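This is what each chain is made of:
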Amino acid sequence: MEKQAYKIVYKEGVGEIVEKKSRFLAHVFPVSEEQEALSYIERLKKEYWDARHNCYAYVIGARNELQRFSDDGEPQGTAGKPILEVLLGEEIHNCLVVVTRYFGGILLGTGGLVRAYQSSTKEGLAQSIITEKCQGKKVSIWTDYNGLGKLQYIMGQMDIAMLDTVYAEDVEAILLVPLWQEEELQKKVTEVTAGKAVWKELDEVSFVKIDKEVILMS
């Protein structure tokens, strides 16, 4: 099965650059629907009311089905679209970037503006936590204690997380298996336990990994 994962913003961030005395302040937000993005944009316009421009771009959907951008008074094509191009180039989904510009008195020219908005966007992303959102399934595996050691070895090889372990006469291991690895894992478990392990599928979930910690998402 093809890998089902895409990059998202897990934790928002703020980045800033200065170009010829103009300040470019990039706010990065995770968003799941358009109204959420519009609310952030409105909030920042009120907060930075004294800025010359509040330009933005956002992408929403697993395939970036929704894409919007605004130059907010900058020359056409010099602000919103360059922000959007960074998001698409970095393959980040469900993300809003608003770049606030405080004019420093020196004109940057078309090329200079494009570079400044792209650079500030990249700096904002660098100050955020970006990770992959994956589709997976909780799986219960019952095995004997000898089989548990073999199962743990396979999990280490495939980088699969164990959510819980229940020790009784046999052992129940609750695993979080990415969907694209499910068939391969089931085959390997059957092989190493000679078909004795009992495999039971539980819930299908979305999750991310942050510093090797697995976090379930709604």
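Refer to the structure printed above.
Anyway, here's the lowdown on the structure attached to this text. Not measured: the values here are computed from a predicted model.

**Describing the pairing of strand β11 (residues 198–210)**
- Two strands pair when backbone bridges link them, and strand β8 (residues 129–143) and β11 are joined in this way by 8 bridges, in the antiparallel orientation. Pairing of Lys137 across the sheet is with Glu204, part of β11.
- Pairing geometry for β11 and strand β12 (residues 213–217), over 5 bridges, is antiparallel. Within β12, the position partnered with Val208 by the bridge is Ile215.
- Between the antiparallel neighbours β11 and β12 lie 2 residues, among them Asp211 with a positive phi of about 50 degrees.

**Things to note about helix α5 (residues 182–192)**
- Within the sequence span of α5, burial applies to Glu182, Leu185 and Val189. What you see down the axis of α5 is that its buried residues fit within an arc of 65 degrees, all on one side. Facing away from the buried side of α5 by more than 90 degrees, the exposed set consists of Glu183, Lys187 and Glu191.
- Taken together, the buried residues of α5 touch β8, α4 (145–158), β10 (171–178) and β11.

**Looking at the pattern of salt bridges**
- Applying the stated criterion across every chain, the model contains 7 salt bridges.
- The closest approach of N and O atoms between Glu34 and Arg68, which form a salt bridge, is 3.6 Å. Of this pair, Glu34 sits in helix α1 (residues 34–47) while Arg68 is found in strand β5 (residues 66–70), placing the two residues 34 residues apart along the sequence.
- For the salt bridge of Lys209 with Asp159, the shortest nitrogen-to-oxygen distance reads 3.3 Å. Here Asp159 lies in the loop between α4 and β9 (161–167) and Lys209 lies in strand β11, a separation of 50 residues in the sequence.
- On the basis of relative accessible area, Lys209 is assigned to the partly exposed category, the value being 30%.
- Among the charged side chains, a salt-bridge network with shared partners connects Lys137, Glu182 and Glu201.

Rules used throughout
Each chain carries its own residue numbering, running from 1 in the written order of its sequence. The predicted nature of this model means local features are confined to residues of pLDDT at least 70 and side-chain atom pairs, given and counted, to a pLDDT of 80 or more, with totals for whole chains, interfaces and linings taken over all residues. Side-chain numbers come from the whole structure's heavy atoms, not from hydrogens or water. In this description, strands pair whenever DSSP reports at least two bridges between them. For the purposes of this entry, the term helix denotes a DSSP run of H or I that reaches at least four residues, the term strand denotes a run of E that reaches at least two, and both are numbered from the N terminus. A 1.4 Å probe rolled over the protein chains alone gives each residue an accessible area, and that area as a share of the maximum for its type sets the label: buried under 20%, exposed over 50%, partly exposed in between. Along the arc lie the directions from the helix axis toward the C-beta atoms. Residues are treated as being in contact if the distance between any of their heavy atoms lies within 4.5 Å. Just to be clear on terms, a salt bridge is a Lys or Arg side-chain nitrogen sitting within 4 Å of an Asp or Glu carboxyl oxygen.

Fair warning: the whole summary comes from geometry, so function is off the table for now.
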